[in-house]
Amino acid sequence: MAVAVVSDAEQPHLGKFLRASKAFQPGDLLLREEPLLRLRRWQDALAAANALRKAQLFVPEGESPSMRRLQQATASEADPETALFVRSVVHFNSFGAGPSGREQVVFPTLARANHSCLPNCLVDADLGTLRAVRPITIGEEVTVSYLDDAGLLMDVKSRQKELQERYEFRCQCRRCTSVDDTRRFSCTCGGDQLPERGRLRCQQCERSSEGSELFEAEEKAAKSLEAARSGDLEEEDEGHELMKCHRFTSKHPHHQLTFALANEFAFPDPEASQQAVLTILDLVLQMPCQLALETGRDLARRLAKNGKEEPARKALQQAAAVAMVLDGKSSIEEVLAEWGETRQRPVRILRIFVPWPCRFVKIGLGTRDTRDLTEGERERGTRD
């Protein structure tokens with residue numbers, strides 16, 4: 001088996017987790033399996049109770065906010081004990097699948113994958129597959145993200161809060177235990193400054209500087225964004241708050257507030273926003289993801305509609321390079337052929353993004369266009 005279910009006595013907090021039994025490259029398939037449960041109706045879940053018990057998946061012990069909510073939800077069931085167990089397994093071990101991720105799917109092995117904000121794998125719950133998005137070495141832990149792609153671009157504090165409230169654990173991954181790589185302030189040298197012990201340090205020139213004024217401006221911009229998100233404002237007032245946030249983000253184009261403003265509101269305009277989303281995803285996550293694929297394809301369509309054929313072609317090829325990894329295709333040409341692009345173009349050699357650490361490679365590019373892909377959105381928690 002390409003992955004093994006293991007435990008580590010020196011790291012008991014990991015519970016039973018997945019470890020790679022061989023080396024993998026981005027796009028490689030690690031595992032494919034059938035689900036124990038594909039939940040469309042609650043009755044389906046109760047019928048799968050015995051299979052879920054045999055799988056011995058993670059269910060937290062003792063009292064917790066999540067367990068109290070689940071107890072309240074199952075108190076009126078004919079068999080509240082079984083209903084609580086099933087709901088707990090689904091809550092902490094399921095993946096989203098189907099249209100808009102509305103179905104919940106539980107797999108016996110995939111459910112063992114722990115979370116990381118810098119994951120090396122991606123689960124497609126519709127297909128029951130686990131695929132590498134970064135190079136993986138023999139013996140390395142296999143991880144996925146319990147947050148969606150946009151969630152991974154939240155600052156450390158927000159990610160920790162989301163994971164604690166939903167899955168009741170504090171993430172200790174590399175991104176969460178080092179400097180916050182989403183709070184990027186522009187430096188005069190052209191690089192990005194990251195917060196470090198109350199100051200700012202540039203990643204390019206390594207200059208250290210006082211950050212209090214920028215932190216204050218950041219806080220004001222974040223409050224304006226939250227006000228716009230609230231849904232309580234009139235359209236004109238919401239626009240004013242977005243503009244206040246934009247005054248900050250226009251000066252710091254790689255900051256996570258720039259990403260949020262662009263991704264959630266397409267502000268200041270759709271084309272610039274999509275470019276910003278793609279740039280920040282590449283800069284921070286350095287891996288292929290569904291959001292990069294969807295945004296890249298939408299950008300390609302928008303550019304083509306506006307008569308910008310060459311930029312549109314490049315955007316489409318970048319999206320195809322991402323899809324090549326996510327779907328495990330052998331070439332960009334294969335992806336473009338499946339997308340149904342019929343305009344023939346000579347194959348050229350361009351630099352196309354692929355996952356870190358091999359940031360760019362030379363890939364032959366050719367012919368065609370567009371098909372929608374799906375990614376099972378992760379909906380699970382830690383395990384024991």
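Everything below is about the structure printed above this text.
In this text, all values refer to a predicted model and were calculated from it rather than measured experimentally. (Residues numbered from 1 in each chain as written. Predicted model: local features only at pLDDT ≥ 70, side-chain atom pairs only at ≥ 80, totals over all residues. Heavy atoms only, no water.)

1. Notes on unusual backbone geometry
Thought 1: In this chain, phenylalanine 267 is followed by proline 268 through a cis amide linkage whose omega measures 15°.
Thought 2: The residue proline 268 is located in the loop between helix 8 (256-265) and helix 9 (270-284) in this model.
Thought 3: The backbone of glutamate 168 shows a phi angle near 60°, a positive value even though the residue is not glycine.
Thought 4: Tracing the backbone shows glutamate 168 in the loop between helix 5 (156-167) and strand 11 (185-186).
Thought 5: Residue glutamate 168 is classed as partly exposed on the basis of its relative accessible area of 23%.
Thought 6: One non-glycine residue, glutamate 206, lies in positive phi territory at about 65°.
Thought 7: Note on placement: glutamate 206 falls in the loop between strand 13 (199-202) and strand 14 (208-210). (Helix = DSSP H or I, 4+ residues; strand = E, 2+ residues; numbered from the N terminus. Buried < 20%, exposed > 50% of the residue type's maximum accessible area, 1.4 Å probe, protein only.)

2. Considerations on the pattern of salt bridges
Thought 1: Within the structure shown, the criterion is met by 17 salt bridges.
Thought 2: A salt bridge links glutamate 196 to arginine 201; the shortest N-O distance between them is 3.6 Å.
Thought 3: Across the pair glutamate 310 and arginine 313 runs a salt bridge whose closest N-O atoms are separated by 2.7 Å. Linking glutamate 310 with arginine 313, this pair stays in helix 11 (residues 309-326), spanning 3 residues, or about one helical turn. (Salt bridge = Lys/Arg side-chain N within 4 Å of Asp/Glu carboxyl O.)

3. A short note on the sheet that holds strand 12 (residues 192-196)
Whenever strands of a sheet pair, they do so through backbone hydrogen bonds, lying parallel or antiparallel.
Thought 1: The strand order 11-12-13-14 describes an open sheet built from 4 strands, whose pairing is antiparallel. The outermost strands of the open sheet, each flanked by one partner alone, are strand 11 and strand 14.
Thought 2: Pairing of strand 12 with strand 13 involves 4 bridges; the strand directions are antiparallel. Within strand 13, the residue paired with proline 195 across the bridge is leucine 200. (Pairing = 2+ DSSP bridges.)

4. Focus: the nonpolar core
Thought 1: In terms of nonpolar packing, the biggest core is built from 64 residues, with Leu30, Leu130, Val142, Leu281 and Trp339 touching the most fellow members.
Thought 2: The element contributing the most residues to this core is helix 11, with 10 residues.
Thought 3: Setting aside residues no more than four positions away along its own chain, leucine 281 makes contact with Leu153, Phe259, Gln286, Cys289, Leu291 and Ala292.
Thought 4: Core analysis: the second largest hydrophobic core is formed by 16 residues, Trp42, Ala49, Ala55 and Phe85 among them. (Core = buried A, V, L, I, M, F, W, Y, C linked by side-chain atoms within 4.5 Å. Contact = heavy atoms within 4.5 Å.)

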